[in-house]
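# Coordinates in review
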Amino acid sequence: MVRSWYELPEYVRLKRVNGLRLSPDGTRLVAPVSGIAPDAKTFHSALWEIDVRPEAEGGTAPHRLTRSAKGESSAGFLPDGSVLFTSARPDPDAEPEEKPKAALWLLPAGGGEARRVASRPGGIGAFTVARDAGLIAFASATLPGSQDGEDEAEARKARADAGVTAILHESLPVRYWDHDLGPDHPRYFAATPPAGPEDGLGEPRDLTPDAGKALINAQGSLTPDGTALITTWDVPVGKGGHRSVLVSVDTATGERTTLLSREGYDLGSPLVSPDGRRVAYSLGFEGDYDGEPRDYQLWVLDRETGETSPVHPGLELWARDFAWSADSGSLFIAADENGRRPVFRADLGSGEVVRITGDDGAYSELNPSPDGRYVYALRDAWDAPPAPVRLDAAAVDGGPAYLRTPGSELTMPGTLTEIETTADDGTRIRSWLVLPEEASADAPAPLVLWVHGGPYMSFNGWSWRWNPWILAARGYAVLLPDPALSTGYGQDMLRRAWGKWGPRVFADVIAITDAAEAREDIDAERTAMMGGSFGGYMANWIAGHTDRFKAIVSHASLWGLDGFNATTDYPPVWEHEFGTPLEQPERYLLNSPHLHAPNITTPMLVIHGDKDYRVPIGEGLRLWRDLQLYGVESKFLYFPDENHWILTPGNAQVWYETVFAFLDHHVHGKEWARPEHL
């Protein structure tokens, strides 16, 4: 157990398990595990193998499979057990490249050196493998007009030689999270598996030469026999918006057929059943301005009849992950519920839905075993980082059997408990509460309220970016509530604040803060507040509506909603709930924090990354300027090369150090101490 991990230099060095894949025969687990690079300036990932048996059954220690300066990710398996992965590592058997792109590599099932089996001038992104045939379909960014790999390479070189970086857009989106889109866009290619131990993939076939922007963020799944690729496909709906439909692409001819389209809904995450008969998919509803809020359901399409049916009728579950059972008769679903993310088993024949985990875990990366006995997954919780586990597929409210992990096993510097209260409208509001070890009635701890992002999510599991134990190790208690708009409590929790974010969520978080402050081990006179993204929006709203907090930290936050509307990376999603400022100004006037700037007196720390395209830097700059105009004691921590999240080790440490210094100054009355590298 690592006992001093909450010291920042140690924290950024922890190994982090980021995924999990089970081999076709059920005997091997492979996981991308990230860690700090040798230069200590970045993180990079390597593939590790994990024994499928717990230690009590003879399970051995994990061992590392890959090692390179560029790192490896996105593991998958061929039918023979060979491991496929993507990496931008240089190929020793090819001409040196100035800036190598991510390529597809193969690690033989029996061990040995990995070799590059496919590359493209625009790199290789997501890939999927046909369960039985071994055909591989992969996505690659391709310039418009390119006919083949040689043509693509020449077009890229000509653009670079001409010194052109401009991009001409004719439709949304223009940007996504932290990167510009275009001038190249994803296409799907299909290739046969290597014919021999020294061969690469067969010659890739361009399945979607006319894709344009239709495959941005697409998710695809091959049928077991490799004859069809089922993928999402974006179609325009007017006013710059689009929706996703499901299409089937013939891998031999490229002929594309629309399988399913539903007006007003986005269809996503298609997953073909092992027998090839059905496709599980998500049915996403972005909400209606005058009607129901956002919703997310899991459905199944019968490929033979075209019939569709819900997987969990009557249950308001937001499936965050799902996987088919080996016999194609059930789906395993990880869904938010009451501040956890349990795993459910949905029998498609009987319609019965059973929760197979009954602990406090948040599960992801579901991998059912081929014999039907187990589900392998990653489990995390607020007091445990992601780690591989084995679940009994037939259990009811069961628990996990832990596998030996390549990650970090940690001892928490405090305790985790749960509290709840009743909001003014009678709704139950629950929260996790992280307490430092020394908190007691004789030594009550100062409290920091955190509000989660999203807002359509739940504070139900471990976070590497916002980790409350880092604060607990310094004597702070941290409150992690699920107010209105949180998932895992049914659609009524969303209806309560649909279109009225500020007033309703504010009332909920203040009610649960009152409940926390009423505890004997909490010092109600020393309370601060922090939030990022939607949590940052609430930080700004709270600042304009109460002076009860000693300090407020606002990270990547929404401030002037009228300006945010047109500059976020995909405005149409936002407009389902808020409309547009000129045509429907009411919700902007009701909910925009900037309109309450004159009321702010609480000291504020504003944090923003310049490469944040979800909540653009203009929001942080405008907030900072308004605080200065109204004479609010404030500071602005600006990251020129970070995005919505602070991802590099050095910047992550500075982020925490600045937050500590700000809280210590205003909560404890300590002298302000500027972090060393600032």
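Parameters and conventions
- Residues numbered from 1 in each chain as written.
- Predicted model: local features only at pLDDT ≥ 70, side-chain atom pairs only at ≥ 80, totals over all residues.
- Heavy atoms only, no water.
- Helix = DSSP H or I, 4+ residues; strand = E, 2+ residues; numbered from the N terminus.
- Buried < 20%, exposed > 50% of the residue type's maximum accessible area, 1.4 Å probe, protein only.
- Contact = heavy atoms within 4.5 Å.
- Expected span 1.5 Å × (residues − 1).
- Phe/Tyr/Trp six-rings, centres within 6.5 Å; stacked < 30°, edge-to-face > 60°.
- Lys NZ or Arg CZ within 6 Å of the ring centre and 35° of its normal.
- Pairing = 2+ DSSP bridges.
- Axes fitted to C-alpha atoms, helices over the stretch in contact; angles between N-to-C directions.
- Salt bridge = Lys/Arg side-chain N within 4 Å of Asp/Glu carboxyl O.

## Some details on the environment of Leu561
- Looking at where Leu561 falls in the secondary structure, it is placed in helix α7 (residues 561-567).
- According to the relative accessible area criterion, Leu561 is buried, its value standing at 0%.
- For the pair Leu561 and Gly372, spaced 189 residues apart in sequence, the C-alpha separation works out to 50 Å.
- Look past the residues within four positions of Leu561 in its chain and what remains in contact with it is Tyr537, Trp574, Phe578, Tyr588, Asn591, Ser592, Pro593 and His594.

## What about helix α5 (residues 501-517)?
- Between its terminal C-alpha atoms α5 stretches 24 Å, which fits the 24 Å expected from 17 residues at 1.5 Å a residue.
- Burial analysis of α5 places 13 of its 17 residues in the buried class, the great majority of the element.

## Thoughts on the packing of aromatic side chains
- The full count for this structure, using the stated rule, is 30 aromatic pairs.
- Relative to Tyr11, the ring of Trp5 has its centre 6.1 Å away and its plane inclined at 40°; by these criteria the two rings are tilted.
- The exposure class of Tyr11 is buried, given its relative accessible area of 3%.
- Centre to centre, the rings of Trp5 and Trp462 are 5.8 Å apart; their planes meet at 50°, and the pair counts as tilted. You can see Trp5 sitting in the segment before α1 (8-11) and its partner Trp462 sitting in the loop between β34 (445-451) and α3 (468-472), a full 457 residues away along the chain.
- The exposure class of Trp462 is buried, given its relative accessible area of 10%.
- The ring centre of Tyr613 lies 3.8 Å from the NZ or CZ of Arg175, which sits over that ring.

## A look at unusual backbone geometry
- For the bond running from Gly182 to Pro183, omega is 5°, close enough to zero to count as cis.
- Secondary-structure assignment places Pro183 in the loop between β13 (179-180) and β14 (185-191).
- Backbone torsion omega between Gly454 and Pro455 reads 5°, so that peptide bond is classified as cis.
- One can find Pro455 in the loop between β34 and α3.
- Residue Ser533 is not a glycine yet carries a positive backbone phi of 65°.

## With respect to the sheet that holds strand β37 (residues 552-555)
- Ordered in space as β32-β33-β35-β34-β36-β37-β38-β39, the eight strands form an open sheet in which the pairing is mixed. In this open sheet, the two edge strands, each paired with only one partner strand, are β32 (414-422) and β39 (634-639). Pairs of neighbouring strands in the sheet enclose a mean axial angle of 20°, with direction left out of account.
- Pairing between strand β33 (residues 428-436) and strand β35 (residues 477-481): four bridges, direction antiparallel. Bridge pairing in β35 places Ser431 opposite Pro481.
- Packed onto the sheet, helix α10 (residues 617-629) meets β37, β38 (604-609) and β39 and runs at close to 160° relative to β39.

## With respect to the pattern of salt bridges
- For the coordinates displayed, the defined rule picks out 40 salt bridges.
- Asp184 serves as the salt-bridge partner of Arg156, at 2.7 Å between the closest nitrogen and oxygen. Residue Arg156 is found in helix α2 (residues 149-161), and its partner Asp184 is found in the loop between β13 and β14; the two are separated by 28 residues along the sequence. Take Arg156 and Asp184: they sit in the same class, and that class is buried.
- Across the pair Glu517 and Arg548 runs a salt bridge, and its minimum N-O distance is 2.6 Å. Taken together, the positions of Glu517 in helix α5 and Arg548 in the loop between α6 (534-543) and β37 put the pair 31 residues apart, joining distant regions of the chain.
- Via salt bridges that share partners, Arg340, Asp360, Glu418, Arg430 and Asp482 belong to a single interconnected network.

## Points about the sheet that holds strand β17 (residues 228-238)
- Read from one edge of the open sheet, four strands run β16-β17-β18-β19, paired in antiparallel fashion. At either margin of the open sheet sits one strand with a lone partner, and together these are β16 (220-222) and β19 (256-260). Geometrically, the sheet is characterised by an average inter-axis angle of 40° between neighbouring strands, direction not taken into account.
- Sheet topology note: the strand β18 (residues 241-250)/β19 ladder contains four bridges and is antiparallel. Note that in β19 the partner of Val249 across the bridge is Arg256.

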